[in-house]
Every structure is written in C-alpha cells, then in structure tokens.
Amino acid sequence: MKINKETIEFAKTLNDKYKDSILYEKELQIIQWALDSNLDKEKIASFVKDEYDFAQMNQIREGYMSNLSEDKMEILMNPKFNNQHMYQIFDGFKKRLSVENVKRYAKPEFNFEQMREIKLSLIKRHSKEIIEIMSNSKFSSNQMYQIRQGIEYNLKPEQIKKYAKPEFSSRQMYIIRQTMIDKLFDKFEPYAKPEISSEKMDKIYTAILYRRYSEIDKIMEKKEEKKQVSKKVSKKEKELER
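Residues numbered from 1 in each chain as written. Predicted model: local features only at pLDDT ≥ 70, side-chain atom pairs only at ≥ 80, totals over all residues. Heavy atoms only, no water.

A.B. asks: Is there a simple way to explain the overall build of the chain in this structure?
C.D. replies: Summing up its helical and strand segments, the chain has 17 helices and zero strands in all. The globule rule puts the C-alpha radius of gyration for 242 residues at 18 Å, and the 25 Å found for the chain is more than 25% above it. With the principal axes as the frame, the chain shows a C-alpha extent of 80 × 35 × 25 Å. Burial status across the chain gives 44% buried among its 242 residues. (Helix = DSSP H or I, 4+ residues; strand = E, 2+ residues; numbered from the N terminus. Rg over C-alpha atoms; globule rule 2.2 N^0.38 Å. Buried < 20%, exposed > 50% of the residue type's maximum accessible area, 1.4 Å probe, protein only.)

A.B. asks: Help me understand the side chain of Thr7, please; the structure alone is not making it clear to me.
C.D. replies: As for its position among the elements, Thr7 is in helix H1 (residues 5-14). Look past the residues within four positions of Thr7 in its chain and what remains in contact with it is Leu28, Ile31, Gln32 and Leu35. (Contact = heavy atoms within 4.5 Å.)

A.B. asks: Just to check I follow, could you spell out the pattern of salt bridges for this structure?
C.D. replies: Here the idea is simple: oppositely charged side chains can pair when their charged atoms come close. Throughout the structure, instances matching the rule amount to 15 salt bridges. Between Asp91 and Lys95 there is a salt bridge, with its nearest N and O atoms 3.0 Å apart. One network of salt bridges, with partners in common, ties together Lys17, Glu27 and Asp50. (Salt bridge = Lys/Arg side-chain N within 4 Å of Asp/Glu carboxyl O.)

A.B. asks: Can you help me understand helix H14 (residues 198-209) in this one?
C.D. replies: Each α-helix winds once per 3.6 residues, and so residues spaced three or four apart point in a common direction. Spanning twelve residues, H14 covers 16 Å between terminal C-alpha atoms, matching the ideal 16 Å at 1.5 Å per step. Buried within H14 are the following residues: Ser198, Lys200, Met201, Ile204, Tyr205, Ala207 and Ile208. (Expected span 1.5 Å × (residues − 1).)

A.B. asks: How should I be thinking about the environment of Lys49 in this particular structure?
C.D. replies: In this fold, Lys49 is placed in the loop between helix H3 (41-47) and helix H4 (54-65). Under the relative-accessibility criterion, Lys49 is labelled partly exposed at 37%. For the pair Lys49 and Leu14, spaced 35 residues apart in sequence, the C-alpha to C-alpha distance is 8.1 Å.

A.B. asks: Please clarify how the side chain of Glu117 should be interpreted in this entry.
C.D. replies: Relative to the helices and strands, Glu117 is located in helix H8 (residues 112-123). In this structure, Glu117 is in contact with Met134, Ser141, Met144, Tyr145 and Arg148, ignoring residues within four places of it in sequence.

A.B. asks: Can you help me understand the packing of aromatic side chains in this one?
C.D. replies: For any pair of aromatic rings, the description rests on two quantities: the centre-to-centre distance and the angle between the ring planes. Counted according to the given criterion, the structure contains three aromatic pairs. Both rings, one in Phe47 and one in Tyr64, keep their centres 6.3 Å apart while their planes meet at 35°; by these two values the pair is tilted. With Phe47 in helix H3 and Tyr64 in helix H4, the pair connects residues that are 17 residues apart, well separated along the chain. (Phe/Tyr/Trp six-rings, centres within 6.5 Å; stacked < 30°, edge-to-face > 60°.)

A.B. asks: Looking at this model, I keep getting lost on the nonpolar core. Mind explaining?
C.D. replies: Nonpolar side chains tend toward joint burial in soluble globular proteins. Counting residues in hydrophobic clusters, the biggest one holds 66 residues, and the most contacted among them are Ile31, Phe47, Ile89, Ile147, Ile176 and Phe188. At five residues, H14 tops the list of elements feeding residues into this core. (Core = buried A, V, L, I, M, F, W, Y, C linked by side-chain atoms within 4.5 Å.)

A.B. asks: It is not clear to me how the packing of H1 against helix H2 (residues 25-36) should be interpreted in this structure. Could you clarify?
C.D. replies: In a packed pair of helices, the relevant descriptors are the angle between the two axes and the axis-to-axis distance. Two elements in contact, H1 and H2, have axes separated by 10 Å at closest approach and are oriented at 105°. Classed by the angle they form, the pair H1 and H2 counts as roughly perpendicular. Contacts between H1 and H2 involve Thr7, Ile8, Phe10 and Ala11 from the first element and Leu28, Ile31, Gln32 and Leu35 from the second. Residues belonging to the contact of H1 with H2 are distributed by class as follows: six nonpolar, two polar and no charged. (Axes fitted to C-alpha atoms, helices over the stretch in contact; angles between N-to-C directions. Parallel < 35°, antiparallel > 145°, perpendicular 65-115°, else oblique. Nonpolar A, V, L, I, M, F, W, Y, C, P; charged D, E, K, R; others polar.)

A.B. asks: What is the right way to look at helix H12 (residues 170-181) in this model?
C.D. replies: Look at H12: 16 Å from first C-alpha to last across twelve residues, which is about the 16 Å you get at 1.5 Å a residue. Residues of H12 that are buried include every one of Ser170, Gln172, Met173, Ile175, Ile176, Arg177, Gln178, Thr179 and Met180, and no others. Phi turns positive, to about 60°, at Lys183, one or two residues after H12.

A.B. asks: Whenever I open this one, the environment of Ile118 confuses me. Can you help?
C.D. replies: Along the polypeptide, Ile118 turns up in helix H8. Sequence-wise, Ile118 and Asn136 are 18 residues apart; in three dimensions their C-alpha atoms are separated by 10.0 Å. Those residues within four positions of Ile118 in sequence are excluded, and the remaining contacts are Tyr105, Phe110, Ile131, Met134, Ser135 and Met144.

A.B. asks: Help me understand the packing of H8 against helix H10 (residues 141-152), please; the structure alone is not making it clear to me.
C.D. replies: Where H8 meets H10, the closest approach of the two axes is 8 Å, and the angle between their N-to-C directions is 15°. What the angle tells us is that H8 and H10 run roughly parallel. In the crossing of H8 with H10, the sense of the turn from one axis to the other is left-handed. Within the contact between the two elements, H8 uses Glu113, Gln114, Glu117, Ile118, Leu120 and Ser121 and H10 uses Ser141, Met144, Tyr145 and Arg148. A class-by-class count of the residues in the contact of H8 with H10 yields four nonpolar, three polar and three charged. (Left-handed = near helix turned anticlockwise from the far one by under 90°.)

In short, shape yes, function no, at least from these values alone.
So this is what it looks like as structure tokens:
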C-alpha cells in the first residue's frame, strides 16, 4: 500500500519520526486507513503515540470504527495490553459483554489465552462462582479450559472445586474431570493427588473403568506413593503439562 503525502504530513504533525516513511510504513498504513475511513483526527491522535506499536494502533482503530463507547475505549487503550490482549477485550464488547464483565478478565496479569477462556465463560453465562474460580492468574489457559469444560459437561461447582487447583496440571485436571463424568470419582478420589503423575492417574482411571482393580497396586508400586507420602512430580514435567 502506497502511503500518500497527505497521510505523511498529518502524521508528522503528531510525531516528527514519521518523516521516515519507510521505517514507519506499517504505522503510517494504520493512520492512512483511519483517515480514509473518515475517523476523527483527534481520535487518530489518541493512538498515534510511542507507547503503542502498529498492531495496538490497529486494534484501537478497530475499536473506534466499531463505535465503542468512551468507557469501553478506555479499557481497550491500556498500553499495558498488547494487541492480542486488546483483541480479547474488543471481541468481548462485540459479543455484547458489559463493561463490568470485560473488566473481570481485562487485567495485565492474564495472558491473552487466559483472557479468552474467562471471556468464553462469561459469554456462556456461567455462574459467578465458576468465573471467580477461573479468574486466578495461577491457572494456565489449559487449566482454565478444564474448569470451563466441567460446566459444559454439567458438573456442579462443588465437583469442579475438587480439581480446580493450580497444583494440578491440566492433564491431571482432565483425568479427574473425566472420572466425574463417568461417575467413577468415588473410587478414583484417593488417587486425585497432585503428587501422583498424570501418567499414573491415567492408568489408574483405566483400571477402574474396566474394573481391573488389582492392577492399581502395580501402578502404585512405590510404597511412599501408596501411603501418599509424596514424591513430587518434577517441576519440568508439571510445566510441560500445564
């Protein structure tokens, strides 16, 4: 896209750096798109700032072009959010979430994937209790997904609370959730411990599912684990599973 002279001249009134139209071509494209769409120049000036990169500038432009209200734009324009964060905020408003609801996940401590999981729960109108459980930055987005899926499979909040703990990896949470769906948790519960690896949990779940209870002793071969005297799963393994 060729940048026209009018765009460069206007951009220079906002920041002298735009004299270098090659170095700042992407930002100038955003400005030109805004001008071509007849966006108010004061609004353009509000996002043509050094604190925003071109991707953030474009997301803010999208917000203005969608006629978001001033209070919504104030949330969107927080420079602590990158463009992916901004998209989750913008999409929440496009999906008709209220300002109050968007504020539940529009927080710099969440990455954009965590924000997306909370946003999806809000769109699905999950209970306030579930949203509060999910809205813990210690949960990865994969862990949040397992919490959200609990509701999708009609688990009750008191059931979800049994596995919605940051010390469980997302894989461990999935296995525990599956035992609840299959109505096997009463038999599996003694093994729903963060110190039991997801690999062992999976084998125990399969043994219970097919009523091969004698195999559990072999799976829990270490006496320390059988007594629940924990041998912690390695930190590296936990991080991989999150």
